[in-house]
Amino acid sequence: MSENKKDPSLWEGFKTFLMRGNVVDLAVAVVIGAAFTNIVNSVVQGIINPLVGAIGTKNLDNYSSCIKAPCTGSGATAEGVRIMWGSVLGATLSFVITAAVVYFLMVLPMAKYLARQAARQKEKESTHEVIEVTELEVLKEIRDALVAQRGSGHTER
C-alpha cells in the first residue's frame, strides 16, 4: 500500500497548537499573574510584615525554630537544624491575599455577570416561546374559522 496522504509536519502541528485560543489565553494569564505577584509581594512586605513586626520581627523570614542545637549563623555557615516557618507563613499569606483578590475582583464579578447573561437568555427564550404559542393559537383560530365558513357554505347549497 502506498500512502498518498502526507502527515502534517511537526512544525505545522506545533503552529496549530500555539494558535489555539486557550494556549494564547494561558500565556496572557501567566504574564498577568507574574505582574500581579509583584503587587501581592509588595503588599505583604509593605503592609503585612510591618503589622506582624509590631509584635516581633519585621521580616517573616526571621521566624524560625531550632530542632537540633546549636542554631547559630545563617547560610553556609549555619550550624544545627533550623525550621524556617516564617518564610512558609509569608508565602501562605501571599497565597491567601492573591486568592482573595482574584476571587473578589475577578471570579465573583464574572460569575454574577454570567448569571445575568444566562437569565437574560432564558428570558429571551421564554418570550420567544410565548410568541410562538400565541402565533400558533391565532393560526388555529383562523383554521377553525375557515373550516367553519367552509362547513357553513356547504350546508347552504
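Residues numbered from 1 in each chain as written. Predicted model: local features only at pLDDT ≥ 70, side-chain atom pairs only at ≥ 80, totals over all residues. Heavy atoms only, no water.

1. A short note on the overall build of the protein chain
Argument step 1. If you tally the helices and strands in the protein chain, you get three helices and two strands.
Argument step 2. Secondary structure elements in the protein chain, listed N-terminal to C-terminal, are α-α-β-β-α.
Argument step 3. Here the protein chain holds 157 residues, and the buried ones make up 7% of them.
Argument step 4. Considering only intrachain contacts with a sequence separation of at least 6, the fraction spanning at least 24 residues in the protein chain is 34%.
Argument step 5. In the form shown here, the protein chain has an accessible surface area of approximately 13,200 Å², with 65% of it arising from carbon and sulfur atoms. (Helix = DSSP H or I, 4+ residues; strand = E, 2+ residues; numbered from the N terminus. Buried < 20%, exposed > 50% of the residue type's maximum accessible area, 1.4 Å probe, protein only. Contact = heavy atoms within 4.5 Å. Areas by Shrake-Rupley, 256 points an atom, 1.4 Å probe, with all protein chains shown as cover.)

2. Description of the packing of aromatic side chains
Argument step 1. A complete count under the given rule lists two aromatic pairs for this structure.
Argument step 2. Aromatic side chains Trp11 and Phe14 sit 6.0 Å apart centroid to centroid with 40° between the ring planes, which places their arrangement in the tilted category. Within this pair, Trp11 and its partner Phe14 are both found in helix 1 (residues 10-19), separated by three residues, close to a single helical turn.
Argument step 3. The exposure class of Trp11 is exposed, given its relative accessible area of 54%.
Argument step 4. A relative accessible area of 42% places Phe14 in the partly exposed class.
Argument step 5. A centroid spacing of 5.1 Å and a plane angle of 80° characterise the contact between Tyr103 and Phe104, whose relative ring orientation is edge-to-face.
Argument step 6. With a relative accessible area of 53%, Phe104 lands in the exposed category. (Phe/Tyr/Trp six-rings, centres within 6.5 Å; stacked < 30°, edge-to-face > 60°.)

3. Brief notes about the pattern of salt bridges
Argument step 1. Across all of its chains, the model carries two salt bridges by this definition.
Argument step 2. When the shortest N-O distance is used, the salt bridge between Lys15 and Glu12 registers 3.6 Å. Here Lys15 pairs with Glu12, and both are found in helix 1, just three residues apart, close to one helical turn.
Argument step 3. Residue Lys15 is classed as partly exposed on the basis of its relative accessible area, which comes to 36%.
Argument step 4. The class of Glu12 is partly exposed, set by a relative accessible area of 39%. (Salt bridge = Lys/Arg side-chain N within 4 Å of Asp/Glu carboxyl O.)

4. Description of the environment of Leu60
Argument step 1. Mapped onto the secondary structure, Leu60 falls in the loop between helix 2 (21-53) and strand 1 (65-72).
Argument step 2. For Leu60, a relative accessible area of 2% gives the class buried.
Argument step 3. Sequence spacing of Leu60 and Val44 is 16 residues, and the spatial spacing of their C-alpha atoms is 9.8 Å.
Argument step 4. When residues no more than four places from it in sequence are discounted, the contact partners of Leu60 are Asn49, Val52, Gly86, Ser87, Leu89, Gly90 and Leu93.

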